[in-house]
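These are the residues of each chain, in order.
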Amino acid sequence: MALELNHFIGGKMVKGGSGRFSDVYNPSTGEVSARAPLASKAEMEAAIASSEAAFQIWSNTSVVKRSRVMFKFLELLTKHRDQLGELLAMEHGKILSDAIGDVQRGIDVVEFACGIPHFMKGEFSNNVSSNIDMYSMRKPLGVCAGITPFNFPAMVPMWMFAVSIACGNSFILKPSEKDPSVPLRLGELMLEAGAPDGVLNVVNGDKEAVDTILNDPRIQAVSFVGSTPIARYIYATATANGKRCQAMGGAKNHMIIMPDADLDQVTDALIGSAYGSAGERCMAISVAIGVGGVGEEVIKMLKPRVEALTIGPSLDTESEMGPLVTSEHRDRVRGYVDMGVEEGADLVVDGRDFTCNKQGYEGGYYFGGCLFDKVTAEMTSYKEEIFGPVLQMIHTDSFDEAIALPNNHQFGNGTSIFTRDGDAARQFADQVEVGMVGINVPIPVPLAFHTFGGWKESAFGDINQHGEAGVRFYTKVKTVTSRWPKGIRAGAEFVIPTLND
Ligand code: NAD
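Residues numbered from 1 in each chain as written. Predicted model: local features only at pLDDT ≥ 70, side-chain atom pairs only at ≥ 80, totals over all residues. Heavy atoms only, no water.

A.B. asks: How would you summarise the domain arrangement of the protein if you had to cite specific residues and measurements?
C.D. replies: The domains assigned to the protein are domain 1 (3–249 + 458–479) and domain 2 (253–439). A straight line from the C-alpha centre of domain 1 to that of domain 2 covers 31 Å. Considering only the surface of domain 1 that becomes buried against domain 2, S28, I95 and S458 emerge as the three largest contributors, covering 27% of it. Linking domain 1 to domain 2 there are one salt bridge. At the boundary of domain 1 with domain 2, the tally comes to ten residue pairs in polar contact (both at pLDDT 80 or more). Mapped by element, the contributors of at least two residues to the side of domain 1 that touches domain 2 are α2 (63–92) and α3 (96–114). Tallying contributions element by element places α2 first for the side of domain 1 that touches domain 2, with five residues. Partitioned by chemical class, the residues of the side of domain 1 that touches domain 2 number eight nonpolar, eight polar and five charged. (Domains from an automatic or database assignment. Buried area = accessible area lost by both parts, 1.4 Å probe. Salt bridge = Lys/Arg side-chain N within 4 Å of Asp/Glu carboxyl O. Polar contact = N/O pair within 3.5 Å; in protein donor to acceptor, adjacent residues only side chain to side chain. Helix = DSSP H or I, 4+ residues; strand = E, 2+ residues; numbered from the N terminus. Nonpolar A, V, L, I, M, F, W, Y, C, P; charged D, E, K, R; others polar.)

Quick look at the structure:
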């Protein structure tokens, strides 16, 4: 019998009551490992009520105390990091070291959130006019919610709730139904760290739970990370209902390889960034652009490396790449590879028929690394996100033709250039229409004290995740103009104050 998971509401694990469940798989074996309950509207509404009550307590807790809770949470996460990584690897399928990295990148955001007293400081102007001072303060919003994807079940939830809770909000996390066990553990660890009951509620669910979040007037702000069609829907619905919303979507990330690049470095960078986590990263490089003929040499260098990838169970220390998350997703990735072949691209390495022969793992959702050469911008398999271990090579004659590709693409999440030429690197960073840029760095994910966010169809809303932008997203500013005491006797004023002296 598969383990029945719960919701984490009001400081307790709560059994699902809707009668609806979603199977959680171990993608390395293909077996169902657990069942996640899918919350009904009424269950989500009860969680919102619990978060609303928690907000009254938490928003009146001093910012220093809130910071100390985050410090304790940091300590607990560090203590449990490897166990969380193991749990994550078993449900997601990414290899253990990468899964621990997922937890660690979430820990980085908690470290940032520990410094919240500094970021909550307002501004003060003394004597803006006779006896008048003016100051501003940052206030939390109330109940905030986060809806997260399967591919970073530790990091992405912590991008959101660590900053939001440190700011004084209560938070409802609706994690991906594909790998909810780590998010549920994070709820327990926040409680153990000293956050009052209901400050972090973790509610499993599907569209019904999400639509309740989007339509309930008690939710003040919604953060979303996932695919573009859902991001667009979330942003349109949340903002139509008067909520703040930041909604990150899909990606197609290009790496430009200039003729002067160090090709050993390029090959290593492409192997890690295209095939790491089986390509299920929103910052994975999925398109390489060889400028001035250099792409032919790169294909020659990549081919044996892609063929030699060690693909196997996520907890096997020899594996360099684990399985894809579900069999449906594997079918989807295979469909794009078939499409690329039909569209006329040259499939240099074909991983479609890869199977894992290890005993007990034959039913896992494995898919071999695929490498396409001679891809063109007209192909649908280029225009759309594949989200699997598939790298596409495009050849261009010039830098201008190369930069036009990411600039004209619907997505604009991450991109990178490999070159020894400072002029080309600087021009690229300045002119590329993409939110996050690497120079000789293949996966330029900003650290927690900077902000994360793409452009174009990769993000809806105008405020990024974490860093100071995160604090701005989860707080509202109040500005006070204060006059003591002489002006109080001045009598009525019928014109707008202009503060001349
Ligand atoms: P997804 O869009 O299928 O699901 C994301 C979340 O939305 C999940 O919690 C899911 O339960 C919920 N959801 C799904 N369908 C819904 C619907 N019809 N109505 C309401 N809610 C719904 O995404 P995924 O497959 O979990 O994640 C992969 C995608 O996320 C990729 O496109 C990837 O590029 C993207 N991603 C983007 C970033 C970024 O920062 N830009 C980061 C990570 C992942």
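From this point on, the discussion continues.
A.B. asks: Residues and numbers for the packing of α2 against helix α5 (residues 155–166), please.
C.D. replies: Between two packed helices, what matters for the description is the angle formed by their axes and the separation of those axes. Running from N to C, α2 and α5 cross one another at 150°; their axes reach a closest spacing of 9 Å. Comparing the axis directions of α2 and α5 gives the class roughly antiparallel. Of the residues in α5, those in contact with R66, M70, F73 and L77 of α2 are M158, F161, A162, I165 and A166. (Axes fitted to C-alpha atoms, helices over the stretch in contact; angles between N-to-C directions. Parallel < 35°, antiparallel > 145°, perpendicular 65-115°, else oblique. Contact = heavy atoms within 4.5 Å.)

A.B. asks: Could you give me a rundown of the pairing of strand β11 (residues 219–225), with the residues and numbers involved?
C.D. replies: Counting buried positions along β11 yields six of seven residues, so the element is predominantly enclosed. Sheet topology note: the strand β8 (residues 143–147)/β11 ladder contains five bridges and is parallel. By the bridge assignment for β11, G146 is matched with S223. Two elements, β11 and strand β12 (residues 244–248), share five bridges in a ladder whose sense is parallel. Across the sheet, the residue bridging to V225 is M248, located in β12. Handedness of the crossover joining β11 and β12 through helix α8 (residues 228–240) is recorded here as right-handed. (Buried < 20%, exposed > 50% of the residue type's maximum accessible area, 1.4 Å probe, protein only. Pairing = 2+ DSSP bridges. Right-handed = clockwise from strand over helix to strand, strands pointing away.)

A.B. asks: Tell me what's going on with the sheet that holds strand β20 (residues 436–439), and back it up with residues and numbers.
C.D. replies: Strand pairing in a sheet takes place through backbone hydrogen bonds and is either antiparallel or parallel in direction. One open sheet holds the seven strands; their spatial order is β15-β16-β17-β14-β13-β19-β20, and the pairing between them is mixed. Edge strands, defined here as strands with exactly one partner in the open sheet, are β15 (346–349) and β20. If you compare each strand with its neighbour and ignore which way they point, the axes differ by 20° on average. Pairing of strand β16 (residues 370–373) with strand β17 (residues 390–396) involves three bridges; the strand directions are parallel.

A.B. asks: Explain the sheet that holds strand β7 (residues 132–140) to me, and be specific about the residues and the numbers.
C.D. replies: Strand order across the open sheet formed by three strands is β6-β7-β23, with antiparallel pairing between neighbours. Looking at which strands have only one partner, the edges of the open sheet turn out to be β6 (123–129) and β23 (475–483). Each adjacent strand pair in this sheet contributes to an overall mean axis angle of 20°, direction not counted. Summarising the sheet, β7 and β23 pair through nine bridges and their orientation is antiparallel. Bridge pairing in β23 places M134 opposite T481.

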